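# Overview (structure and organization)
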Amino acid sequence: MSGNDDKNLLLAFTSPLLLWFEPQLTELHQSMKSELLWQYVLYGIHFFSWLFIALIIDWGISRYRAAKNNN
């Protein structure tokens, strides 16, 4: 969970955006000097992608419930 596993496999397998943008992220990683900053970038992408997905699911559920209550 700390991101110290080999190539951050836990993050890569649980975050769709990290898998989709892997080639671009690899280029970015090679140009960065700080490993700690790199981990912050990965965790930020991971966190905000799942936050966005959760907000979309929550919005869909609230629309469904509102439509159900109107009928």
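Just above, that's the structure.
In this report, we go over the structure that sits alongside the text. On a predicted model such as this, the values are computed, not experimentally measured, just so you know.

So, how was this worked out
Residues numbered from 1 in each chain as written. Predicted model: local features only at pLDDT ≥ 70, side-chain atom pairs only at ≥ 80, totals over all residues. Heavy atoms only, no water. Helix = DSSP H or I, 4+ residues; strand = E, 2+ residues; numbered from the N terminus. Contact = heavy atoms within 4.5 Å. Areas by Shrake-Rupley, 256 points an atom, 1.4 Å probe, with all protein chains shown as cover. Phe/Tyr/Trp six-rings, centres within 6.5 Å; stacked < 30°, edge-to-face > 60°. Buried < 20%, exposed > 50% of the residue type's maximum accessible area, 1.4 Å probe, protein only. Expected span 1.5 Å × (residues − 1).

## Focus: the overall build of the protein chain
A tally of helices and strands in the protein chain yields four helices and zero strands. When its helices and strands are written in sequence order, the protein chain yields α-α-α-α. A sequence separation of at least 24 residues applies to 61% of the contacts in the protein chain between residues at least 6 apart. Surface accessibility of the protein chain: about 6,000 Å² in total, with carbon and sulfur atoms responsible for 66%.

## Remarks on the packing of aromatic side chains
Counted by the stated rule, this structure contains one aromatic pair. Ring centres of Phe47 and Phe48 lie 5.1 Å apart, and the angle between their planes is 80°; this geometry places the pair in the edge-to-face category. Under the relative-accessibility criterion, Phe48 is labelled exposed at 55%.

## Describing the side chain of Ser15
Along the polypeptide, Ser15 turns up in the loop between helix 1 (9-14) and helix 2 (16-20). Judged by its relative accessible area of 1%, Ser15 is buried.

## Details of helix 4 (residues 35-70)
Along an α-helix, a turn takes 3.6 residues, which lines up residues three or four apart on a common side. Counted at 1.5 Å a residue, the expected span for helix 4 with its 36 residues is 52 Å, and the 53 Å between its end C-alpha atoms agrees. Considered for burial, the residues of helix 4 that qualify are Trp38, Gln39, Leu42, His46 and Ser49.

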